[in-house]
Amino acid sequence: MATVDVEVRAGFVNLQKYCVFSLILLNYILVIGSENGVSASNTALKVKGVAISKLSFYNPDIDFTCLDGSRSIPFHHVNDDYCDCMDGTDEPGTSACANGQFYCVNAGYRPEYIFSSRVNDGICDCCDGSDESSGLANCSNTCNEMGKVMREEAERLRKLQQEGYQLYIDYQKQGLESKQQNQLKLQELQSQKQGLQDAKNEAEKIKNEAETPETEAKEKFDKEWEVLKAEKDAERETKKTEDSFKELDTNEDGEISVQEMQQHSEFDSNSDGEVSVDEVKEYFEDKESINFDVYKGKIWESIKHMYKKPQAEKPKEEELPKDEEDEDEDQEEGKDENAEEPDEDQKPDYDEETKKLIEVADQARDTFKQAEDKLNEHNRQMSDIQTTLALDMGANNEFYPLKGECYEFTDREYTYKICPFERASQAPKAGGHETNLGTWGTWSGPENNKYSQMKFEHGTGCWNGPERSATVNIHCGLTNELYSASEPSRCEYLFDFRTPALCNSQGTGKTSGHDEL
């Protein structure tokens, strides 16, 4: 149905072109005929600067009424080089009225209006030279040459339109096929989703069931280890307390005296270079000496952060017996430098039963992760297709082939890139960081041709300025090509892009303005 609509519109456009050409030809015949005295109104055609469509208002047999209806004047006041009408319509062939318009017949080219102020100003504005009759300028009639160029350009555009239109039809077909494929793929994915969701739910159930005994076994093992570790810590602390007491009790009488404490410089709390009796008694709570039962309580707690174990003196090398030296060397040679000392505080491996439970739980977790990843990827594919289907790809899906493609243009400084329906960017030609000029926003062409312009918005913000944005003007072309880039306003970029996707009834062959026939 879409193809039929396109063909109907194409036929309508061709009919319009035929009508326009026929009217131009008729105008040409009338003008040539008037010059040879064949016109039905020779008198009217003698009114200089008046278009054929308005000759009926200029009847020399009656008074002339200004076209704005403001007043009437004798007909001989028309083109008398004096402006009588407010709208300037009484002086179409002179420069008397600043707001008047002079009609150039331009036989062989295209007719046009110029401001009456340009009449007889010494400059040839009409290609037939009809605006310069005073002799100030010697105007040659260039209408035929210009008409030839115009017709050649029209023929070029016609061929471009014809070839581009065939590509446009192909783009429509590609777009429709892609859209239908996406719709079918989405239906397929939707039908598969529940199965993937069920597989994930089942894997999650098995994972939870496997993790319950695993967690219980690990918690039991960890608690037992914490108890064992606490016991080991207590044993080490007790041994450290006993060892420190023995090291401080130098006379081995079962008590530590003030004098024995004074032999340890680390207890010099005021840092005056000696350990005083008062300093020791402060630790001893005013006692002269303490036994182990007193020491292992508060006293050890208060001094253990200061206490330093005496360093054992090593015998001089010459004093070591030969056999002991050899034994030490043998021990050093047999020691593995990379071997790590066992850490008594490091938690040991789990027991075999717990390891088996962990292995089962790990397998269940892997299975669940795979099912979850598969479902997430499935949902991502569905989301991508739904996003694509929601995009406006043209009235007949003709812009579908541009989706997922990127096009570049390089000038003296930058390489510009547009990816339709995604983003626009700019990067230094010599290499460097790419700047985001905006993400896909909307079609922004005029109401009767909205697909002639793309808008990219919310790009990287300029320094002390607005967010960057880009507008892409789209033209009919036989290839997809980004062929110009500029920055007409700060942080606002303008691109020109040609594509067969716009070679439709609205894409080319249109002329600006209006030609009077």
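Report follows, based on the coordinates.

Further remarks concern the overall build of the protein. Along its length, the protein carries 8 helices and 14 strands. Within the protein, counting contacts between residues at least 6 apart in sequence, those at least 24 apart form 46% of the total. Taken as a whole, the protein presents about 32400 Å² of accessible surface, with 48% of it coming from carbon and sulfur.

This paragraph deals with the state of the cysteines. Tallying each qualifying case throughout the model produces 8 disulfides. Between the sulfur atoms of Cys124 and its disulfide mate Cys139 the distance is 1.9 Å. Disulfide Cys124-Cys139: torsion about the S-S bond near -95 degrees, hence left-handed. With a gap of 15 residues between them, Cys124 in the loop between strand S4 (112–115) and helix H3 (143–248) and Cys139 in the loop between S4 and H3 connect regions that are remote in the sequence. Two residues share a disulfide in this structure: Cys127 and Cys143, whose sulfurs sit 2.0 Å from each other. In this structure, the disulfide formed by Cys127 and Cys143 twists by about 100 degrees around the S-S bond and is classed as right-handed.

Two aromatic rings, taken as a pair, are described by how far apart their centres are and by the angle between their planes. Following the criterion strictly, the structure yields 19 aromatic pairs and no others. Look at Tyr295 and Trp300: their rings are 5.8 Å apart centre to centre, the planes differ by 40 degrees, and that puts the pair in the tilted class. Residue class for Tyr295 comes out buried when judged on its relative accessible area of 0%. Among the residues examined, Trp300 registers a relative accessible area of 1% and is labelled buried. A cation sits over an aromatic face here: Lys207 above Phe368, 5.2 Å from the ring centre. The ring of Tyr483 has Arg498 sitting right over it, with the charged end atom 3.8 Å from the ring centre.

Looking at helix H5 (residues 277–284), one finds that the buried residues are Glu279, Val280, Tyr283 and Phe284. Take H5 and look down its axis: the buried residues cluster within an arc of 135 degrees, on one side only. Within H5, the exposed residues directed more than 90 degrees away from the buried face are Asp278 and Glu282. Close packing links the buried residues of H5 with strand S5 (255–257), helix H4 (258–261), strand S6 (289–291) and helix H6 (292–303).

A word on the nonpolar core. Core analysis: the biggest nonpolar cluster contains 27 residues, and Phe399, Phe421 and Phe495 have the highest contact counts within it. Of all elements in the fold, only strand S8 (414–419), strand S10 (435–443), strand S11 (453–457), strand S12 (469–476), strand S13 (481–489) and strand S14 (492–499) reach the threshold of two or more residues within this core. Not counting the four nearest positions on each side in its chain, Phe399 is found in contact with Met393, Gly394, Phe421, Trp443, Tyr451, Ile474, Thr499, Ala501 and Leu502. Counting residues in hydrophobic clusters, the runner-up holds 17 residues, among them Val275, Val280, Tyr283 and Tyr295.

A few words on unusual backbone geometry. Positive phi outside glycine occurs at Asn79, with the angle close to 55 degrees. Note that Asn79 resides in the loop between strand S2 (72–73) and strand S3 (101–104). Residue classification places Asn79 among the partly exposed positions, given a relative accessible area of 24%. The backbone phi angle of Asn106 is positive, close to 50 degrees, even though this residue is not glycine. Summarising the element assignment, Asn106 is placed in the loop between S3 and S4.

Taking strand neighbours across the sheet as the criterion, the 8 strands line up as S7-S8-S9-S10-S11-S12-S14-S13 in an open arrangement whose pairing is mixed. Looking at which strands have only one partner, the edges of the open sheet turn out to be strand S7 (407–410) and S13. Across this sheet, the average inter-strand angle for adjacent strands is 25 degrees, counted without regard to direction. Bridge count between S11 and S12: 4 bridges; the pairing is antiparallel. Within S12, the residue paired with Phe456 across the bridge is Ala470.

The next point concerns the pairing of S12. For S12, a buried count of 7 out of 8 residues is recorded, marking the element as mostly surrounded by other parts of the structure. Bridge count between S12 and S14: 8 bridges; the pairing is parallel. The residue bridging Asn473 from the neighbouring strand is Asp496, located in S14.

Below, the discussion takes up the packing of H3 against helix H8 (residues 352–390). Close contact between H3 and H8 brings their axes to 7 Å; oriented N to C, the two are set at 160 degrees. Here H8 runs roughly antiparallel to H3, going by the angle between their axes. Read as a crossing pair, H3 and H8 show a hand that is left-handed. Across the contact of H3 with H8, the residue classes break down as 20 nonpolar, 12 polar and 12 charged.

The next thing to look at is the side chain of Glu398. Relative to the helices and strands, Glu398 is located in the loop between H8 and S7. Taking the relative accessible area as the measure of exposure, Glu398 reaches 2% and is therefore buried. At 3.5 Å, the side chain of Glu398 and the backbone nitrogen of Ala395 are in polar contact. Beyond its immediate chain neighbours, meaning those up to four positions away, Glu398 contacts Tyr168, Tyr171, Gln172, Met393, Ala501 and Asn504.

This paragraph deals with the side chain of Thr354. By secondary structure assignment, the location of Thr354 is in helix H8. Taking relative accessible area as the criterion, Thr354 reaches 3% and is therefore assigned buried. Sequence-distant contacts of Thr354, that is, excluding residues within four places in its chain, are made with Ala217 and Lys218.

How each quantity is defined
- Throughout, residues of each chain are indexed from 1 in the direction in which the sequence is written.
- pLDDT decides what is reported in this predicted model: residues at 70 or higher carry local features, side-chain atom pairs at 80 or more are listed and counted, and totals for whole chains, interfaces and linings draw on all residues regardless.
- Side-chain metrics in this entry use all non-hydrogen atoms of the structure; hydrogen atoms and water are not considered.
- Working definition: helices are DSSP H or I runs of at least four residues, strands are E runs of at least two. Numbering for both runs from the N terminus.
- Contacts are assigned to residue pairs that have any heavy atoms within 4.5 Å of one another.
- Here the accessible surface of atoms and residues is derived via Shrake-Rupley with a 1.4 Å probe, and residues count as covered only by protein chains that are part of the display.
- Cysteine sulfur atoms are paired as a disulfide whenever they come within 2.5 Å of each other.
- Two aromatic rings, drawn from Phe, Tyr or Trp (for Trp, its six-membered ring), form a pair once their centres lie within 6.5 Å of each other, and the interplanar angle then sorts them: stacked below 30 degrees, edge-to-face above 60, tilted otherwise.
- Residue burial is assigned from relative accessible area. The probe radius is 1.4 Å, only protein chains are included, and a residue is buried under 20% of its type maximum, exposed over 50%, and partly exposed in between.
- For a lysine, the NZ atom is tested; for an arginine, the CZ atom; a charge sits over a ring if that atom is within 6 Å of the ring centre and within 35 degrees of the ring normal.
- It is the directions from the helix axis to the C-beta atoms that the arc portrays.
- Side-chain atoms within 4.5 Å link the members of a nonpolar core, which is a set of buried Ala, Val, Leu, Ile, Met, Phe, Trp, Tyr and Cys residues.
- Between any two strands, pairing holds if DSSP finds at least two bridges.
- With axes taken as lines fitted to C-alpha atoms, and helix axes fitted only over the stretch in contact, angles between N-to-C directions fall between 0 and 180 degrees.
- Comment on the angle field: the value is read as roughly parallel under 35 degrees, roughly antiparallel over 145, roughly perpendicular from 65 to 115, and oblique elsewhere.
- Here a crossing is taken to be left-handed if its near helix is turned anticlockwise relative to the far helix by less than a right angle, and right-handed if that turn runs clockwise.
- Residues were grouped as follows: Ala, Val, Leu, Ile, Met, Phe, Trp, Tyr, Cys and Pro as nonpolar; Asp, Glu, Lys and Arg as charged; and all remaining residues, including Gly, as polar.
- Pairs of N or O atoms within 3.5 Å make up the polar contacts considered here, provided that, within protein, one atom can donate a hydrogen while the other can accept it, and that residues adjacent in sequence are counted only when both atoms are side-chain atoms.

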